[in-house]
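Chain residues, written in single-letter form:
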Amino acid sequence: MNENLLQVKSEITKVLRGKEDCIDQILCCMLAGGHILLEDIPGVGKTTLAVALSRAMSLHYKRMQFTPDVLPSDILGFSLLDTKTGEFVYRPGAIFTNIFLADEINRTSPKTQSALLEVMEEGSVSVDGVTRKLDAPFFVIATQNPTGASGTQKLPDSQLDRFFIRLSLGYPDHTAATEILMGHSSGNMDSVQAVLTGETLLGMQKQAEAVYTAPALIDYIVTLTEATRVHEYLLQGISPRGSIALLKMARAYAFYMDRDYLVPEDIHAVFLSVCSHRVILNTKARAAGLSAEDVLSQVLKSVRIP
């Protein structure tokens, strides 16, 4: 495992116990330059995770609680008339940071949700006809309550597709829960030390992008995504944007495991987290009680490994 990222993981586990697999996926996503969607119930450590990440990587962090009255201008910024000069002055919104935590993103209006589309795809903000680039690295970590929770609205497919991965932290296992209660993981954020810089992370992103990928594995990724588009249980399969995200995540995972070349196991390790939120189940799948993860596991088994 990459030594620098192993140190970051070690710092995060000081305040978040029993979630090593999720931390691995999130660090790989940041290596790939992607955004993260955490779908979970309250109280399992989503905010703690985001703050610990920002501290361990020396990144600037902002959190916004999404409610029905949050406006796009709160996120992107707005122009305000300066009465002394008679000119409009731009006031930056909360999005101007390295890690933006959109807490309970599915509790706000579709108009406010859509304010993040350009930011997540292009890393820029357009207000009053002027486009401004955000500083790199930049990540959106959004949390949402499970669909059907009181006062929530489903995210549109176009926005879901812009998240590289979707994860669920879930409840801690018995051992981790016991350690939390015994004080071994007190949640004291001051114990998390900076072990990485934004510049170092940008350098590692370039290295991850350069991981050698054999043509046969490119073809394998394409075949996997094509299989989701014709599967009997899926109404909608993986988009080309999803294929690109899968390739970038697989390369990042290979780099995370301290390799400069891709193997099929790297693709398998990230396939579910990258693809589960990009597919839509049909009524046949729901009648059979299948989840997106169940169907995608079937796809993995059905396609020959090169």
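For the structure, check the block above.
Cut-offs used in this document
- Residues numbered from 1 in each chain as written.
- Predicted model: local features only at pLDDT ≥ 70, side-chain atom pairs only at ≥ 80, totals over all residues.
- Heavy atoms only, no water.
- Pairing = 2+ DSSP bridges.
- Helix = DSSP H or I, 4+ residues; strand = E, 2+ residues; numbered from the N terminus.
- Axes fitted to C-alpha atoms, helices over the stretch in contact; angles between N-to-C directions.
- Parallel < 35°, antiparallel > 145°, perpendicular 65-115°, else oblique.
- Left-handed = near helix turned anticlockwise from the far one by under 90°.
- Contact = heavy atoms within 4.5 Å.
- Nonpolar A, V, L, I, M, F, W, Y, C, P; charged D, E, K, R; others polar.
- Polar contact = N/O pair within 3.5 Å; in protein donor to acceptor, adjacent residues only side chain to side chain.
- Patch = residues over 30% accessible without salt bridge, like charges linked within 9 Å, V, L, I, M, F, W, Y side chains within 5 Å.
- Areas by Shrake-Rupley, 256 points an atom, 1.4 Å probe, with all protein chains shown as cover.
- Salt bridge = Lys/Arg side-chain N within 4 Å of Asp/Glu carboxyl O.
- Buried < 20%, exposed > 50% of the residue type's maximum accessible area, 1.4 Å probe, protein only.
- 1 Å grid on protein atoms, 1.4 Å probe; cavity = no way out; pocket = protein on both sides within 12 Å on 5 of 7 lines; lining within 4 Å.
- Points joined across faces, edges and corners; volume = space filled by probe spheres on them.

Caption draft 1: How the structure looks around the sheet that holds strand S2 (residues 61-65). Spatially, S2-S5-S8-S1-S9 is the arrangement adopted by the five strands of the open sheet, whose pairing is parallel. For this open sheet the edge positions go to S2 and strand S9 (165-167), each flanked by a neighbour on one side alone. On average, adjacent strands in this sheet sit at an angle of 15° to one another, irrespective of strand direction.

Caption draft 2: Expanded view of the packing of helix H10 (residues 215-229) against helix H11 (residues 240-256). The contact between H10 and H11 brings their axes to 10 Å, and the two run at 140°. Judged on the interaxial angle alone, H11 and H10 are oblique. Crossing hand, H10 versus H11: right-handed. Facing Ile-218, Ile-221, Thr-225 and Arg-229 of H10, the residues of H11 in contact are Pro-240, Ser-243, Leu-246 and Leu-247. Grouping the amino acids of the contact of H10 with H11 by side-chain chemistry returns five nonpolar, two polar and one charged.

Caption draft 3: Fine view of the environment of Arg-286. Note on placement: Arg-286 falls in helix H13 (residues 283-287). Spatially, the C-alpha atoms of Arg-286 and Lys-248 are 31 Å apart, while their sequence positions differ by 38 residues. Not counting residues within four places of it along the chain, the set of residues in contact with Arg-286 comprises Ile-280 and Leu-281. Here the side chain of Arg-286 touches Leu-281 through a polar contact of 3.1 Å, landing on its backbone oxygen.

Caption draft 4: Just a nonpolar patch on the surface, in detail. Where nonpolar side chains cluster on the molecular surface, the patch consists of Met-1, Leu-6 and Met-257 and spans about 220 Å² of accessible area. Judged by relative accessible area, Met-257 falls into the partly exposed class, the value being 32%.

Caption draft 5: Inspection of the layout of surface pockets at higher detail. Here the largest pocket defines a volume of roughly 620 Å³. Every element with two or more residues in the lining of the largest pocket is listed here: helix H6 (116-122), helix H9 (198-209) and H11. Taken together, the residues of the lining of the largest pocket break down into twelve nonpolar, five polar and ten charged. In this structure, the second largest pocket is lined by 25 residues; those nearest its centre are Lys-154, Leu-160, Arg-166, His-277 and Val-279. At the level of secondary structure, the elements contributing two or more residues to the lining of the second largest pocket comprise helix H7 (157-160) and strand S11 (280-281). Considering each element in turn, the lining of the second largest pocket owes the most residues, three residues, to H7. When the residues that make up the lining of the second largest pocket are grouped by side-chain class, the tally is eight nonpolar, ten polar and seven charged.

Caption draft 6: Spatial organisation of the pattern of salt bridges. Scanning the entire structure with this criterion turns up twelve salt bridges. Across the salt bridge formed by Glu-121 and Arg-241, the nearest N and O atoms sit 3.3 Å from each other. Residue Glu-121 is found in helix H6, and its partner Arg-241 is found in helix H11; the two are separated by 120 residues along the sequence. Via salt bridges that share partners, Glu-121, Asp-161, Arg-162, Arg-241 and Arg-278 belong to a single interconnected network.

Caption draft 7: Highlighting unusual backbone geometry. The step from Ala-136 to Pro-137 runs through a cis peptide bond, and the omega angle for that step is 0°. Although it is not a glycine, Asp-128 sits at a positive phi angle of roughly 55°. Among the structural elements, Asp-128 can be located in the loop between strand S6 (124-127) and strand S7 (130-133). We classify Asp-128 as exposed; its relative accessible area is 61%. In this structure, Asp-258 takes a positive phi of about 65° despite not being glycine.

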